[in-house]
Amino acid sequence: MIVVTTPTGSIGHQVLETLLGSDEPIRVIARDPSRLPSHTRERVEVVQGSHSDIGVVNKAFAGADAVFWLVPPNVHAENVGAAYVDFSRPACDAIKSRGVKRVVAVSALGRGTAVAGKAGHVSASLAMDDLIASTGVSYRALTMPSFMDNILRQVVPIRSQGMFFWPISGNRKLPTCATRDIAAAAAKLLLDPTWSGQDCVPILGPEDLSFNDMAQIMSQVLGKPVRFEQISFEAFRAGFIERGSSEAFAQGMVDMLEAKNEDLDTAEPRTPQSTTPTSFRQWCQDILKPAVLG
């Protein structure tokens, strides 16, 4: 039995789609089961509720061999650390009491770096990893840089102004990965019963790119000029507040990107194993272009 959290989320739904092609029994935890496609509801067992609820995870983890764990972003969180660690505490109790064998979770790069302790949402993710590992379960933390798919949040200015914005220098080359490659790595681990112990699995995409590099690729794929413009961290933070996020969530985003600006994501050496297949150009062709021009 494999349990999938966030089955309608950007990564979770892709994990689930891959797992549906297997013969494994699948159980999902969903706040709103009606958001699941009908073909999915026919194939899986659904436990309704939040995976932060002890009653829900106790029910969902009963008889589970493997769990896909992802903490959904809480834009109203009053404490970023609690939004990850406290959210995960009931699941950790259930992992132990229900005898779950393996957990695969979405986390972040940066462990062991000088800025790991002041990296906002990343610091919280690393603390969550430590909590899950403390249960003794066999654990794989998928550790990622920023997602290519985050660019989708800027479809409107790309379409209307030919611009996108971020508070990191346009010339700073960083790894970036596609959510579909994260989902593929997660599904492969969930379907493999042979691994044990605890480790990180870096997912770095195929290349390091700057935002200016991305702008050039986007221009070529979209057939229209696209330009990157660096904004201040203050403006970046204010944007989250204006869109209704809590002060803590917005500050956590700022702290995370300031840490990325100080080599949080570049300390992990690129290897054949950590290099995933989807290039930014391919992602733009498959995902961004339909979103902008469709």
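Rules behind the numbers
Residues numbered from 1 in each chain as written. Predicted model: local features only at pLDDT ≥ 70, side-chain atom pairs only at ≥ 80, totals over all residues. Heavy atoms only, no water. Core = buried A, V, L, I, M, F, W, Y, C linked by side-chain atoms within 4.5 Å. Buried < 20%, exposed > 50% of the residue type's maximum accessible area, 1.4 Å probe, protein only. Helix = DSSP H or I, 4+ residues; strand = E, 2+ residues; numbered from the N terminus. Contact = heavy atoms within 4.5 Å. Pairing = 2+ DSSP bridges. Phe/Tyr/Trp six-rings, centres within 6.5 Å; stacked < 30°, edge-to-face > 60°. Lys NZ or Arg CZ within 6 Å of the ring centre and 35° of its normal. Axes fitted to C-alpha atoms, helices over the stretch in contact; angles between N-to-C directions.

Student: Could you give me a rundown of the nonpolar core, with the residues and numbers involved?
Tutor: General note: in soluble globular proteins, nonpolar side chains tend to be found buried as a group. If you look at the biggest cluster of nonpolar residues, it comprises 41 residues, and the most contacted ones within it are Ile158, Phe164, Met218, Phe280 and Leu288. When residues of this core are traced back to their parent elements, those giving at least two are helix H5 (121–133), helix H6 (155–161), strand S8 (163–166), helix H8 (211–222), helix H9 (233–242), helix H10 (247–260) and helix H11 (280–293). The residues touching phenylalanine 280, leaving out its near neighbours within four places in the chain, are Met148, Ile151, Glu207, Leu209, Met214, Ile217 and Met218. Core analysis: the next-biggest nonpolar cluster, separate from the first, contains 32 residues, Val57, Phe61, Tyr84 and Cys92 among them.

Student: Outline the sheet that holds strand S9 (residues 174–177), listing residues and values.
Tutor: Spatially, three strands are ordered S7-S9-S11 in an open sheet, and the strand pairing comes out mixed. The open sheet has two free edges, formed respectively by strand S7 (146–147) and strand S11 (208–209), since each of these has just one partner strand. Direction of pairing for S9 relative to S11: antiparallel, over a ladder of two bridges. Its bridge partner lying in S11, proline 175 is registered against aspartate 208.

Student: Can you lay out the packing of aromatic side chains for me, pointing to particular residues and giving the numbers?
Tutor: A full pass over the atoms with the stated rule returns nine aromatic pairs. Here phenylalanine 164 and phenylalanine 211 contribute two aromatic rings whose centre-to-centre distance is 6.3 Å and whose plane-to-plane angle is 65°, an arrangement assigned as edge-to-face. Residue phenylalanine 164 is located in strand S8, and its partner phenylalanine 211 is located in helix H8; the two are separated by 47 residues in the primary sequence. Like phenylalanine 211, phenylalanine 164 is buried. Three or more aromatic residues joined by ring pairs form one cluster here, namely Phe164, Trp166, Phe211, Phe228, Phe236, Phe240 and Phe249. The lysine or arginine in question, arginine 243, covers the ring of phenylalanine 240, its NZ or CZ lying 4.8 Å from the ring centre.

Student: Which residues make up the sheet that holds strand S4 (residues 66–69), and what are the values?
Tutor: Here we have seven strands laid out as an open sheet, ordered S3-S2-S1-S4-S5-S6-S10, and parallel in their pairing. Of all the strands in the sheet, just strand S3 (45–48) and strand S10 (198–202) have a single pairing partner and so form its edges. Averaged over all adjacent pairs, the angle separating strand axes in this sheet is 20°, with direction ignored. Running at roughly 170° to strand S2 (residues 26–30), helix H3 (residues 54–61) makes contact with strand S1 (2–4), S2, S3 and S4 of the sheet.

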